[in-house]
Amino acid sequence: MKTLKKLNTLFIALIVAVSFTSCLTDDDNPEVVRTLNIVGIASQTPDLSILVEALQAADGNLPEALSGGPFTVFAPTNDAFAAFLSANGFSSLGDVPTDVLSQILLNHVVRGELRSTDLSTGYGKTMARESSTGENISIFIDTASGVTLNGTSDVTSADVEASNGVIHIVDAVIGLPTVVDFALADPTFSTLVSALTRQDLTFDYVTTLSTPAGTSPAPFTVFAPTNDAFGDLLTELGATGLADIDEPTLKATLNLHAVAGANVRSSALIDNMTISTLGGDVTGNVSGGATITDVNGRISNIIVVDVQAANGVIHAIDRVILPQQPSIAGIALDTPDLSILVDALSRAGLVQILSYPGDYTVFAPTNVAFTSFLSSNGFASLDDVPVDALTQVLLNHVVLGGVMSTELTTTYINTVATKSGTDLNLSMFVDTSSGVTLNGVSNVSTPNIEATNGVIHIVDAVIGLPTIVDHAVANPNFSSLVGALTSYGTTFTDLLSTPGDFTVFAPDNTAFGAFTNPNSNSLDQILSNHVIPGATAMSSGLENMYVNTAATFNGTMDYLSMYINTDSGVTINGNSSVTAADVVASNGVIHAVDAVIDLPTVVDFAVADPTFTTLVAALTRDDLTFDYVSTLSTNIGTSPAPFTVFAPTNDAFGSLLTELGATGLGDITEPVLKATLDHHAVAAANVRAEDLMDNMTVGTLGGDITANVTGGATLTDSNGRVSNIVKVNVQAANGVIHVIDKVVLPNLD
């Protein structure tokens, strides 16, 4: 009754204020604008007569502060009140409990003078109070199309000015809102509403969360995920919509967003606070910003606080809270179609590992997949598979990091399996051009089964340990290479499928399409020239260096060289660049390249190796009367090939210029330069280092020089000058290069 007396006193005060203001004239005080206050205007507006009666029926029960102002009042019309009374089963205002009517009236009053141009979409506070805490009840103002209040009441006549504020006439009474009313009114929560109202749910969230204040289980605290939060959840789960989430999971999830029997405002939150929701405990924290942490360690930020309803409070969050997820091993144990996988994991001792906290992606083969794998490999049961082999096969289905299907792209990823005898993780080719296919043999049939320590994708085939050939076949960008390899029957595929160590520089389809085979070299030799046998050369281990390929010189056992340059990326023989490195197979590694590596000539090596830039400049000087480049590019089998070239380094030429007192090659006359260059080439002979001997006469194009091998291979020219051979047997398809540290000179007498 005390509150009723206060409102009665205030109501009388307001009427008196109206009367007093009306009696003033401009003559009394010409500086004052004479206007009625809010109640006075309502009293003089016929279409607000029931509002005035409501104020009287509530016995003037407004806080004393209302006599001040300014205030913004959303004033329901007579039709609005009539509809409200009918909808709530009241025959007249007298049937409405005065305390209820008072709060409803206060729910139309906002402190401050807010004209229509001041209103924007968002939450404000009315002067109505939530019963358990005394906190002001919120109001949701939506200005997307006109002005709508709590989703039910529209402003029909705005900005009626009064002496102590402003009136906006509305077409519906704004009832005391529940947490459900706010969820329905605010478009930010439309996905949440869709989830709460899904027809297959076994719990009526709308009815429960609409329970009036003072009736169990009200009040409620609701952590309301935004539409963006639900969108992120669907992405996280790899789902296309809410319909992809099963009913038990959806219900368990929704339960975690509501607390019953408590109106927990943001001011009540503390660090490490246990919050008991309908679905179990979550943890609240406030340091660094208010957050909620679920049992999976996922953190949701509270981005809007204290949306106060009559039966509880809403806090908007940016991430959906999820129930406890089982581990990868737990899910596998609970999935009948993965029973053989579980048996395999148990035999390999991997069950515990996939039960521990972590972040893994597991491609899980079904029982049918395992049965097919065992049969095709001649095993009667899992017991017949060597444990070490089984372990690596299983690890080849595991990727570090939880990767949802929507995050997968057509590319290579690394599995936890390793190449035998190394710590190199095997590569897996993921093809998302049509679903998700792994290494060309296994398709994802059921994606995105979330676990506490990662995600499972069920697959229809066991993913065996891939060979180099397997990787080539799986990747459609290597289809031309595969076609070339198989054109020789099983010669290459058998070789590159065998255990061992191979490094393959694999031309992609574009590279093959651009290759014209200008020297009409044999395709088998060209293919062999892309393979380094006996080594798994990762890109990190490459440097400016020569290596031997599987291609051979002129049918001998002398293997062709390959020059690798790492000054800028990785370039092979000066014209083919690595575009994708380190595709690890069980028997080696693949590096994709952008050009076919043709069989190199001695000229190709000279041009490719920056050690020989001065030599190339000398060989190509414009005034030379002999075309060294064309001659030394002659194919094997055509005179004067093959060649043996003693190639001076840049430093060797630098020393020569010092020796001659010259500033550059231009200071050397053409006859001397030509005679000098002639002394570095032997025609019609592929003289390898092992062919050299002491006091051996070597007939060059410019005359004889003498080779020796005792104490290190050397060349002595006719002037008695000695050149050390610092690198031997750079084998080209039309000859061999030996690198020397001093330029050989013709007779200078």
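Thresholds applied
Sequence order as written defines the numbering, with residues in each chain counted from 1. Thresholds applied to this predicted model are a pLDDT of at least 70 for local features of residues and 80 or more for the giving and counting of side-chain atom pairs; totals over whole chains, interfaces and linings are not thresholded and use all residues. Calculation of side-chain values draws on the structure's entire complement of heavy atoms; hydrogens and water are dropped beforehand. Secondary structure elements follow DSSP: runs of H or I no shorter than four residues count as helices, runs of E no shorter than two count as strands, and numbering proceeds from the N terminus. Atoms counted for the radius of gyration: C-alpha only. Globule rule: 2.2 Å times residue count to the power 0.38. Note on contacts: a residue pair qualifies if any of its non-hydrogen atoms lie within 4.5 Å across the two residues. Areas reported here follow the Shrake-Rupley algorithm with a probe of radius 1.4 Å; residue values treat only the protein chains shown as occluding. Think of it this way: Lys and Arg go in the positive column, Asp and Glu in the negative one, and His and the chain ends go nowhere. To locate a charge, the coordinates of NZ of Lys, CZ of Arg, CG of Asp or CD of Glu are taken. Note on definitions: salt bridges are taken to be side-chain nitrogens of Lys or Arg within 4 Å of carboxyl oxygens of Asp or Glu. Whether a residue is buried, partly exposed or exposed follows from its accessible area with a 1.4 Å probe, protein chains only, as a fraction of its type maximum: under 20%, in between, or over 50%, in that order. A pair of strands is labelled paired if DSSP reports no fewer than 2 bridges between them. Here, axes are lines fitted to C-alpha atoms. For helices the fit covers the stretch in contact, and angles between N-to-C directions go from 0 to 180 degrees. Relevant arc is that of directions from the helix axis to the C-beta atoms, nothing else. Every residue is assigned a pLDDT by the predictor, reflecting its confidence on a scale from 0 to 100. Pairs of N or O atoms are called polar contacts if they sit within 3.5 Å, as long as, within protein, a hydrogen donor faces a hydrogen acceptor (for residues adjacent in sequence, only side-chain-to-side-chain pairs). Any Phe, Tyr or Trp ring, taking Trp's six-membered ring, that has another such ring centre within 6.5 Å forms a pair; planes under 30 degrees apart are called stacked, those over 60 apart edge-to-face, and the others tilted. For classification purposes, angles smaller than 35 degrees are called roughly parallel, those larger than 145 roughly antiparallel, those between 65 and 115 roughly perpendicular, and all remaining angles oblique. Throughout, the ten residues Ala, Val, Leu, Ile, Met, Phe, Trp, Tyr, Cys and Pro are labelled nonpolar, Asp, Glu, Lys and Arg are labelled charged, and all others, Gly among them, are labelled polar. To qualify as a nonpolar core, a set must consist of buried Ala, Val, Leu, Ile, Met, Phe, Trp, Tyr and Cys residues joined through side-chain atoms within 4.5 Å.

Caption draft 1: Examining the overall build of the protein more closely. For the protein, the helix and strand inventory stands at 24 helices and 35 strands. The C-alpha atoms of the protein give 43 Å as radius of gyration, which overshoots the globular expectation for 749 residues (27 Å, by more than 25%). Its C-alpha atoms put the protein at 135 × 80 × 40 Å along the principal axes. Once local pairs closer than 6 in sequence are excluded, the contacts in the protein between residues at least 24 apart make up 64%. Accessible surface, the protein: about 31900 Å² in total, of which carbon and sulfur atoms supply 53%. Computed over 21 positive and 75 negative side-chain charges, the inter-centroid distance for the protein is 10 Å.

Caption draft 2: Seen up close, the pattern of salt bridges. As enumerated under the stated definition, the model contains 14 salt bridges in all. Linking D678 and K674 is a salt bridge whose minimum nitrogen-to-oxygen distance equals 3.1 Å. With a gap of 4 residues between them, D678 and K674 both fall in helix α24 (residues 670–678), about one helical turn apart. On the accessibility criterion, K674 (22% relative accessible area) is partly exposed. Among the ionic pairs, R688 bridges to E690, the shortest N-O distance being 2.9 Å. In this structure R688 comes out as buried when scored by relative accessible area, which is 12%. Several salt bridges converge on common partners, so that one network encompasses E113, R115 and E161.

Caption draft 3: View of the pairing of strand β21 (residues 454–459). Burial analysis of β21 places 6 of its 6 residues in the buried class, the great majority of the element. Bridging between strand β15 (residues 360–365) and β21 involves 6 bridges; their strand directions are parallel. Within β21, the position partnered with Y360 by the bridge is G454. Where strand β20 (residues 442–451) and β21 come together, 5 bridges link them in antiparallel fashion. Across the sheet, the residue bridging to E450 is V455, located in β21. Two successive antiparallel strands, β20 and β21, enclose a turn made up of 2 residues.

Caption draft 4: A look at the sheet that holds strand β10 (residues 273–277). Here we have 7 strands laid out as an open sheet, ordered β9-β8-β14-β13-β12-β11-β10, and mixed in their pairing. Either end of the sheet is taken by a strand with one partner, and the two such strands are β9 (258–260) and β10. Between one strand axis and the next, the sheet turns by 30° as a mean value, whatever way the strands run. With 5 bridges connecting them, strand β13 (residues 299–309) and strand β14 (residues 312–317) associate as antiparallel partners. Counterpart to I302 in the pairing with β14 is I317.

Caption draft 5: Examining helix α13 (residues 367–376) more closely. Buried within α13 are the following residues: N367, A369, F370, F373 and L374. Considered in projection along α13, the buried side chains sweep an arc of 160° and stay on one side of the axis. Exposed and facing more than 90 degrees away from the buried side of α13 are V368, S375 and S376. Contacts made by the buried residues of α13 are with α12 (339–347), β15, α14 (387–395) and β21. G378 sits one or two residues past α13 and shows a positive phi near 75°.

Caption draft 6: Layout of the confidence of the model for the protein. Residues with a pLDDT of 70 or more make up 94% of the protein, whose mean pLDDT is 92. A low-confidence stretch, residues 1–34 stays under pLDDT 50, and its non-local contacts, those more than four residues away or across chains, total 44 contacts.

Caption draft 7: Representation of the side chain of E670 within the structure. Along the chain, the position of E670 falls in helix α24. One buried charge, E670, has no salt-bridge partner; the nearest side chain with opposite charge is K674, at 6.3 Å. Among the polar contacts listed, one links the side chain of E670 to the backbone nitrogen of T625, at a separation of 3.0 Å. Residues contacting E670, with those up to four places away along its chain left out, are R621, D623, L624 and T625.

Caption draft 8: Unusual backbone geometry, seen in detail. In this structure, P219 follows A218 across a cis peptide bond, with omega equal to 0°. Note that P219 resides in the loop between α8 (205–209) and β8 (220–225). Note the cis peptide between S639 and P640, where omega equals 10°. Following the sequence through the fold, P640 ends up in the loop between α22 (628–632) and β29 (643–648). Even without a glycine there, the phi angle at N517 is positive, about 50°. On the basis of relative accessibility, which here comes to 22%, the residue N517 falls in the partly exposed class.

Caption draft 9: Molecular detail of the packing of aromatic side chains. The full count for this structure, using the stated rule, is 8 aromatic pairs. Relative to F182, the ring of Y123 lies with its centre 5.7 Å away and its plane at 75°, an arrangement referred to as edge-to-face. One end of the pair, Y123, is in strand β3 (residues 122–129); the other, F182, is in helix α6 (residues 179–185), with 59 residues separating them in the sequence. Taking relative accessible area as the criterion, Y123 reaches 29% and is therefore assigned partly exposed. The exposure class assigned to F182 is buried, which follows from its relative accessible area of 0%. Consider the rings of Y488 and F492, whose centres lie 5.8 Å apart with planes at 75°: the pair is edge-to-face. A relative accessible area of 7% means that F492 is categorised as buried. Of the aromatic side chains, those joined through ring pairs into one cluster are Y123, F140 and F182.

Caption draft 10: Representation of the packing of α12 against α13 in the model. In contact at an axis separation of 7 Å, α12 and α13 are set at 60° when each is read in the N-to-C sense. Classified by the interaxial angle, the pair formed by α12 and α13 is oblique. For the pair α12 and α13, the contacting residues are S339, I340, L341 and A344 in the first and N367, F370 and T371 in the second. The class makeup of the residues in the contact of α12 with α13 is 4 nonpolar, 3 polar and no charged.

Caption draft 11: Representation of the nonpolar core in the model. Formed by 37 residues in total, the largest nonpolar core has its most connected members in I328, L341, L354, F370, L382 and L394. Among the elements of the structure, α11 (328–333), α12, β15, α13, α14 and β21 are those that each provide at least two residues to this core. Here this core gets 5 residues from one element, more than from any other, and that element is α12. Residues V73, F84, V96 and A310 belong to the second largest nonpolar core, which totals 33 residues.

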